[in-house]
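# Fold and contact review
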Amino acid sequence: MSRDEPESDVADVDLLVSGGDVVTMNPRREVLVGGTVAIAGNQIVAVGSTSELRDRYRGAHVLDATQCVITPGLVNAHEHLTGDPLVRSCIPDLLPPGASVFEWSVPFHAAHTGDIDELSALLASLEALHYGVTTVIEAGTVAHPDRTGTAMTTAGIRGSIGRWGWDIEGAPFSFPAAEVLALEREMCEAWPRGGRVEAWVTLVGHNLASDELLAGAADLARDLGTNMTMHMSPTSSDPESYLAAHGRRPIRHLNELGVLGPHLVIAHGVWLDDEEIELILDTRTAIAYCPWAYLRTAQGVTRVGRHAEIVERGGRVALGCDASNAGDLADILRTAAVAAAIGRDTRIDPMTFGAAAVFELATINGAEAIGMADRIGSIEVGKLADLAIHDTRNITWTPPGDHALHLVWGTDGRTIRDVIVDGEIVLRDGKSTKVDELSLIDEAKKAQAEIFASAGITPQPTWPLIEAD
Ligand SMILES: [Zn+2]
């Protein structure tokens, strides 16, 4: 068995996660069968033999992971924490393109108070943890982004937050570019890079930003040494709109403005032509790929999506779940299965883009795409202690098969038992250690009624509801 040597003194070790199969995702992709991870503070200080590490660190607290699979905490590179988590499964299924955003999401965002934003983000963060996701890149919050950060801190999850900005005249919540940029800077300075929660320069993207705002946002991200994220080309409407306005497709336009680069994570990139794919690859721009959302909202990923090709050509891709009325579940393992299935079926090729490739997108390669691979994404000495512990004592995992195949094809996020972020156990036996989930559920039900009332929307049930008390 290979092992990483400890860098820490014996007395420093606080926690041993012990006796499980450790899927390290290290460069050799080793799995330590019945192994142990030693944690000091927020860092992994040893990964190796259970008998040796239990003997070496006798005083440490032990989290028994026998009959469990221990993986790196999973990465979700695009998730809306506010806007629609409180109205999950309420936006009608059969809507024309754009209606779910302008007739539903925009009024919900407008109706969000600070308390609602925080509650919504807390729910979404806890859901992510239940699926073993330890790092979430937030798509953006309109009005109270600080409250999103507070919620993530309360839940104990890692990730980025962002103040959603746009400057197109007449659009809801729009401000002049200079004002948007000043607010973005303020946000990034208040939540600096490297914290468990950090702010990124976050635009809505699409066709909702002037050239001045796009170029200024990229300059700001470079200046602050942080990342930038925005939506682009989930459907054909962004290419159509950029061609009409600028005579060139969106990615080429962003390239001309100097917006592309390793600092940028573009959510979606479904409708890209050959030139745009070359630009994404050449500039090392990352893509957050949310395949379940494209399938659910009929965006054409099976016709035109080329994410598997981008990955295979060395592009930087992470997985995302998008929103509560699009990707629906914040379950990155389900997303990984869908991503692999699309990559294989659309090319009618069962020899490519299998479980191992997509599990990399959910862990080490996803971490690289969001610029955090120096901190997270694998179980190695020196990395932050972000772990997901999958319980195999259930029918889904019985009998356990090949680790990569079982994680991606054979199960989903529902067998997560414990989650550790920064060395802190934030989920234990399927329950948050930091939040009373039962009271949160009651609070969320009340808040849903409030948000419908203040947005002036009456939900229309798919099937008739008959009062039958
Ligand atoms: Zn989105």
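The structure presented is a predicted model; accordingly, all values stated were derived computationally and were not measured. (Residues numbered from 1 in each chain as written. Predicted model: local features only at pLDDT ≥ 70, side-chain atom pairs only at ≥ 80, totals over all residues. Heavy atoms only, no water.)

## Side note on the coordination of the zinc ion
Bound to the zinc ion are the protein donor atoms H78 (NE2), H80 (NE2), H231 (NE2) and D322 (OD), situated 2.1 to 2.5 Å from the metal. Around the zinc ion sit four donor atoms, and with donor-metal-donor angles ranging over 85 to 166 degrees the site reads as irregular. Look at where the donors of the zinc ion fall in the sequence and you get H-x1-H-x150-H-x90-D. Linking H80 in the loop between β6 (74-79) and α2 (99-111) with H231 in strand β11 (residues 228-232), this pair joins segments that are 151 residues apart in sequence. Its relative accessible area of 9% is what places H80 among the buried residues. (Donors = N, O, S within 2.8 Å, 3.2 Å for Na, K, Ca; no water. Tetrahedral: all angles 85-135°; square planar, octahedral: opposite > 155°, others 65-115°. Helix = DSSP H or I, 4+ residues; strand = E, 2+ residues; numbered from the N terminus. Buried < 20%, exposed > 50% of the residue type's maximum accessible area, 1.4 Å probe, protein only.)

## Regarding unusual backbone geometry
Omega for the bond connecting T398 with P399 falls within 30 degrees of zero, at -15 degrees, which places this linkage in the cis form. Its location among the elements puts P399 in the loop between β15 (387-391) and α16 (403-410). Residue Q67 is not a glycine yet carries a positive backbone phi of 60 degrees. Here Q67 shows up in the loop between β4 (61-64) and β5 (68-72).

## Some remarks on the pairing of strand β7 (residues 133-138)
Burial analysis of β7 places six of its six residues in the buried class, the great majority of the element. Sheet topology note: the β6/β7 ladder contains four bridges and is parallel. Within β7, the position partnered with V75 by the bridge is T135. Sheet topology note: the β7/strand β8 (residues 158-161) ladder contains three bridges and is parallel. Among the inter-strand pairings, T135 is bridged to a residue of β8, identified as R158. Assessed by its sense of winding, the connection that carries the chain from β7 through helix α4 (residues 145-155) to β8 is right-handed. (Pairing = 2+ DSSP bridges. Right-handed = clockwise from strand over helix to strand, strands pointing away.)

## Remarks on the sheet that holds β11
Pairing in this open sheet of five strands is parallel, and the strands run β10-β11-β12-β13-β14 from one edge to the other. Strand pairing shows two members of the sheet lacking a second neighbour, β10 (201-205) and β14 (316-319), which therefore form its edges. Each adjacent strand pair in this sheet contributes to an overall mean axis angle of 25 degrees, direction not counted. Here four bridges tie strand β13 (residues 286-289) to β14, and the two strands are oriented parallel to one another. In the strand pairing of β14, I287 is matched with V317. Taken strand by strand, helix α6 (residues 211-224) contacts β10 and β11, and its axis lies near 155 degrees from that of β10. The strands touched by helix α13 (residues 332-345) are β13 and β14; relative to β14, the strand with the most contacts, the crossing angle is about 130 degrees. (Axes fitted to C-alpha atoms, helices over the stretch in contact; angles between N-to-C directions. Contact = heavy atoms within 4.5 Å.)

## Some points on helix α9 (residues 274-283)
Since one α-helical turn is 3.6 residues long, residues separated by three or four positions face the same way. Among all positions of α9, only E276, I277, L279, I280, L281 and T283 are buried. Close packing links the buried residues of α9 with α8 (250-257), β12 (264-268), β13 and α12 (307-312). For α9, the N-terminal capping position is held by D273, with its side-chain oxygen 3.2 Å away from the main-chain nitrogen of E275. A positive phi of about 65 degrees marks R284, the residue just after α9. (Polar contact = N/O pair within 3.5 Å; in protein donor to acceptor, adjacent residues only side chain to side chain.)

## Describing the packing of aromatic side chains
Under the criterion given, the structure shown has five aromatic pairs. Here the aromatic rings of F108 and F452 are separated by 5.5 Å at their centres, their planes lie at 75 degrees, and the arrangement is edge-to-face. Of this pair, F108 sits in helix α2 while F452 sits in helix α17 (residues 437-455), placing them 344 residues apart in sequence. Side by side, F108 and F452 carry an identical accessibility label, which is buried. These aromatic residues form a ring-pair network of at least three members: W104, F108 and F452. (Phe/Tyr/Trp six-rings, centres within 6.5 Å; stacked < 30°, edge-to-face > 60°.)

## Side note on the environment of G170
For G170, the position within the fold is in the loop between β8 and α5 (177-190). Separated by 53 residues in sequence, G170 and D117 place their C-alpha atoms 24 Å apart.

## Some points on helix α3 (residues 114-130)
Between its terminal C-alpha atoms α3 stretches 24 Å, which fits the 24 Å expected from 17 residues at 1.5 Å a residue. Directly after α3, the chain includes G132, whose backbone phi takes a positive value near 80 degrees. (Expected span 1.5 Å × (residues − 1).)

## Remarks on the pattern of salt bridges
Summed over the entire model, instances satisfying the criterion amount to 34 salt bridges. Notably, a salt bridge pairs D386 with R158, separated by 2.7 Å at the nearest N-O pair. Note that D386 is positioned in the loop between α15 (364-369) and β15 and R158 in strand β8, a separation of 228 residues in sequence. Neither D386 nor R158 differs from the other in exposure class; each is buried. A single salt-bridge network, built from bridges that share partners, covers R158, R196, D386, D422, E424 and K434. (Salt bridge = Lys/Arg side-chain N within 4 Å of Asp/Glu carboxyl O.)

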